[in-house]
Amino acid sequence: MPRSLGPQRIPGARRFAGPPTSFIVITVAVIQVVGTLLSASHQDAPRPLDALAILLLLAGPAGLAFRKRAPHVMLPVALLATGAYVALGYAWGPVVLSLALSILLTAAAGLRWQAWTGAGVAAAAVVAGTAFAGDDGWTFRASAGVAWAVILVLLGQGFRRRSERFAEYRRRREVARKAERDEYRLTLARDIHDVVAHSLSMINVQASVALHVGADDPEKLRPALEAIKAASKESLTEVRQLLGVLREDVPLAPAARPTLDRIPELVKNAELGGLIVSLHDDSDHQYIGPAQQEAAYRIVQEALTNVGRHSGARSAVVRVLQTAGALTVTIDDDGAGLGEALPGNGLTGMRERAAALGGTLTLYELEPGLRVEATFPTQQEGTLP
C-alpha cells in the first residue's frame, strides 16, 4: 500500500535551501569580526575599533538568522549595520560580507524588488563614497561596486529559479508516482472483485443446486459439490496471489495470467449453474497480447457472473472475434436485461479494462436480454506475446 508522504511545501513558496542558517550566521560573524580586527592592525583608521564596532560587525550576520522565518528582515538590517559602520569611520575590513549575502539570499527568497532596491542603495553608496573620497580610480571602484551588486541579485535569482525547477520536477514526479499507485490499486481492486464475485456466485449457485437435489437425487449432488470445491480452491489461490502482491514480505510465486484458452472453463462453470452457454472463438491466440487476453477473459467472467446472478437468463452466447488489429468479445443472454439497475463495480471494472487498452465496452438491449460487447486493439500481427 502507498505510504503517506506528509505535508508538501508549495513549489512557488520554496526558498533557496543552501547550508544551515546557524552555520552561515556563525561563519559570517567570525569572518567579519576576526578579519576586521586583523585588518585594523594594518590601518590608520579615523576611529579605533570599540564595543559599538563589534556590535555593528555582529548585527549584519545576526540579520541573516531570519533568512527562512522572515527573509525581508535580512537586507535592511545588513544595510543599516554596514552603513553605520562605514559612516562612523571604523577600519575597513570584510564588513560588507553580510550585506552581500543579504542581497543574494533576499533575491533567492523571491523578494526581487527588495533585492534590487537594496543592491541599488548599496551601489549608490559605493559610488558616492568613492567620488567624495577624491581617489583618481574612483570610477573603476564605483563600477566594480555596481557590477557586484547586480551580480549578487542575478545569482540569487538564478538560485531561486533552480530551486523552483527542482521543486516542479519533484512535484511532477510525485504526481506521476501517485497516478501509477492509483492505477495499480485500481487494477488490484478489479482483479479481486472479478475473482471473488465470480467464485462466490459460482459457489452460491452450486450450493443452491446441491440443497435442491441432494435429498431427491444424490447422484446430482456430487457434481455440485465438486464444482464448489474447484471454485473455492481457484478463488483462494488467486486471492492469495493478489494479497502477496500487496504484502511484499510474502514470498509467493506469481499467479498465472488468465488467457483465452481458459474461457471454456468459464463456460463449463456457468453450465454447472444451470445456464446453457455456447462459445464461438474465432481468434488466433498466439497473435493476441497477454494483456488483451486477460482483459477478454475477465470481461467474459464478469458478464457470465452477472447473467447467472441478476438477469434470470436461461442461455447465453459468448463470441470471441479477431479482425485486422482488433479483438471483439460479445456476450449475449436472453434474460431481463439491464432495466433500471445502476452500473455496479463489475460493469465499471469491465469498462476500465477495455479503456486501459484503448478499447471500448458497450451495452445493447436485446429482445429479450442484453449484449455486452468489448472491442480493443491487439498486438500487430506476426508478434508473439
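The rules behind the values
Residues numbered from 1 in each chain as written. Predicted model: local features only at pLDDT ≥ 70, side-chain atom pairs only at ≥ 80, totals over all residues. Heavy atoms only, no water. Core = buried A, V, L, I, M, F, W, Y, C linked by side-chain atoms within 4.5 Å. Buried < 20%, exposed > 50% of the residue type's maximum accessible area, 1.4 Å probe, protein only. Helix = DSSP H or I, 4+ residues; strand = E, 2+ residues; numbered from the N terminus. Contact = heavy atoms within 4.5 Å. Salt bridge = Lys/Arg side-chain N within 4 Å of Asp/Glu carboxyl O.

A. Summary view of the nonpolar core. Of all hydrophobic cores here, the largest spans 31 residues; its most connected members are Val300, Leu304, Ile331, Leu361 and Phe376. Where this core is concerned, the elements lending two or more residues are helix H8 (263–272), helix H9 (290–311), strand S2 (315–323), strand S3 (326–333), helix H10 (345–356) and strand S5 (370–377). For this core, the element with the most residues is H9, which contributes eight residues. Setting aside its immediate chain neighbours within four residues, Ile331 contacts Ile299, Val300, Ala303, Leu304, Val317, Val318, Leu370, Arg371 and Val372. Core analysis: the next-biggest nonpolar cluster, separate from the first, contains twelve residues, Leu75, Ala107, Ala123 and Ala149 among them.

B. Broad picture of the pattern of salt bridges. One pass over the structure, following the stated rule, counts seven salt bridges. Linking Glu164 and Arg160 is a salt bridge whose minimum nitrogen-to-oxygen distance equals 3.1 Å. Of this pair, Glu164 and Arg160 both sit in helix H6 (residues 138–213), four residues apart, which is roughly one turn of the helix. A relative accessible area of 28% places Glu164 in the partly exposed class. According to the relative accessible area criterion, Arg160 is buried, its value standing at 15%. In this structure, Glu168 engages Arg171 in a salt bridge whose closest nitrogen and oxygen atoms are separated by 2.7 Å. Taken as a pair, Glu168 and Arg171 lie in helix H6 at a separation of three residues, close to a single helical turn. Residue class for Glu168 comes out partly exposed when judged on its relative accessible area of 24%. It is possible to trace a salt-bridge network through shared partners that takes in Glu168, Arg171 and Arg172.

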